[in-house]
Amino acid sequence: MSSTEFQEIYHQHKSLVYNVALSYVQNIEDAEEITQDVFIQLFQSIDTFKQQSTLKTWIYRITINKSLDFLKHKKSQKRFFIFGKRSENENEIQNISNFEHPGILLENKEKSKLLFDVINELGENQKTAFILSKIDGLSNPEISVIMELSISSVESLLFRAKDNLKKKLGNKFDEYRKKK
């Protein structure tokens, strides 16, 4: 593949990759790092792309996997901190997000952070299905191809994700109201 062709792929998909990563990590620097990692992997493995799915689907899969790997790595670093690792960065220790998701108005940032905190408590598959459906606006058939699951499995994941979110958000808003 020529560098011109790869640059075209990069320009067509960089926003998609960044926004998906940002939905997982809610941190600009982390999302930028994941975006860079995704395109490095794409560049290194584009010749192995078998075209059993669309390029966009393949990019979604790589982005989701890189995002989940990043979160697992971050979680293991936090566990290591408990046993003596010291960080100078208080935000890093507490895993506080600098919540700058595109399309969220300033006055909604606190509520959005609360929503994403609850989304982050979902299991991996529920979280992925929910992000792809409600944040990226993909259809259930598109999600089933990306996640390599049946459409009924995707529907089930979305149903359980919504049900869990309702319960968790209800509890969070009760706590939120008591603080005010």
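On a predicted model such as this, the values are computed, not experimentally measured, just so you know.

Trainee: Talk me through the overall build of the protein chain; I want residue IDs and the actual numbers.
Mentor: Within the protein chain one finds eight helices and zero strands. In the protein chain, the succession of α and β elements from N to C terminus is α-α-α-α-α-α-α-α. Within the span of the protein chain, comprising 180 residues, buried residues form 38% of the whole. Taking all contacts inside the protein chain whose residues are at least 6 apart in sequence as the whole, residues at least 24 apart take part in 61%.

Trainee: Tell me about the nonpolar core, and name the residues and values.
Mentor: One recurring pattern in soluble globular proteins: nonpolar side chains tend to sit buried together. With 33 residues, the main nonpolar core has Tyr 24, Leu 42, Tyr 60, Ile 64 and Leu 132 as its most contacted residues. Put simply, the parts of the chain that give this core at least two residues each are α1 (3-25), α2 (28-45), α3 (55-82), α6 (124-135), α7 (140-147) and α8 (151-179). Ranked by the residues each element gives to this core, the list is headed by α1, at nine residues.

Trainee: If you had to explain the packing of α6 against α7 to someone new, which residues and values would you point to?
Mentor: Across the interface, α6 lies against α7 with an axial gap of 10 Å and an inter-helix angle of 135°. When the axes of α6 and α7 are compared, the pair comes out oblique. As α6 packs across α7, the resulting crossing turns out to be right-handed. The segment α6 lies against α7, with Asn 125, Thr 128, Ala 129, Leu 132 and Ser 133 engaging Ile 143, Ile 146 and Met 147. Classifying every residue of the contact of α6 with α7 gives five nonpolar, three polar and no charged.

Trainee: Pulling in residues and values, what's your account of the pattern of salt bridges?
Mentor: Taken as a whole, this structure holds five salt bridges when the rule is applied. Measuring nitrogen to oxygen at the nearest pair gives 3.3 Å for the salt bridge that ties Lys 72 to Glu 124. Of the two residues, Lys 72 is situated in helix α3 and Glu 124 in helix α6; the sequence distance between them amounts to 52 residues. By relative accessible area, which is 45% here, Lys 72 ends up partly exposed. Across the pair Lys 167 and Asp 163 runs a salt bridge, and its minimum N-O distance is 3.2 Å. Of this pair, Lys 167 and Asp 163 are both found in helix α8, four residues apart, which corresponds to roughly one turn of the helix. Since its relative accessible area comes to 31%, Asp 163 is described here as partly exposed.

Trainee: Requested: an account of the environment of Met 147, with residues and values cited.
Mentor: Take Met 147: it is sitting in helix α7. Linking Met 147 and Leu 132, residues 15 residues apart in sequence, is a C-alpha distance of 9.8 Å. Apart from the residues within four sequence positions on either side, Met 147 is in contact with Asn 125, Thr 128, Ala 129, Leu 132 and Leu 157.

Trainee: Give a detailed account of α2, specifying residues and quantitative values.
Mentor: Given a rise of 1.5 Å per residue, 18 residues ought to cover 26 Å, and the 26 Å separating the end C-alpha atoms of α2 matches this to within 8%. Within α2 the residues assigned to the buried category are Asp 30, Ala 31, Ile 34, Thr 35, Val 38, Phe 39, Leu 42 and Ser 45. End-on view of α2: buried residues confined to an arc of 170°, all on one side of the axis. Facing away from the buried surface of α2 by more than 90 degrees, the exposed residues are Phe 43 and Gln 44. With a side-chain oxygen lying 3.1 Å from the backbone nitrogen of Glu 29, the N-terminal cap of α2 falls on Asn 27.

What counts and how
- Residues numbered from 1 in each chain as written.
- Predicted model: local features only at pLDDT ≥ 70, side-chain atom pairs only at ≥ 80, totals over all residues.
- Heavy atoms only, no water.
- Helix = DSSP H or I, 4+ residues; strand = E, 2+ residues; numbered from the N terminus.
- Buried < 20%, exposed > 50% of the residue type's maximum accessible area, 1.4 Å probe, protein only.
- Contact = heavy atoms within 4.5 Å.
- Core = buried A, V, L, I, M, F, W, Y, C linked by side-chain atoms within 4.5 Å.
- Axes fitted to C-alpha atoms, helices over the stretch in contact; angles between N-to-C directions.
- Parallel < 35°, antiparallel > 145°, perpendicular 65-115°, else oblique.
- Left-handed = near helix turned anticlockwise from the far one by under 90°.
- Nonpolar A, V, L, I, M, F, W, Y, C, P; charged D, E, K, R; others polar.
- Salt bridge = Lys/Arg side-chain N within 4 Å of Asp/Glu carboxyl O.
- Expected span 1.5 Å × (residues − 1).
- Arc of directions from axis to C-beta.
- Polar contact = N/O pair within 3.5 Å; in protein donor to acceptor, adjacent residues only side chain to side chain.

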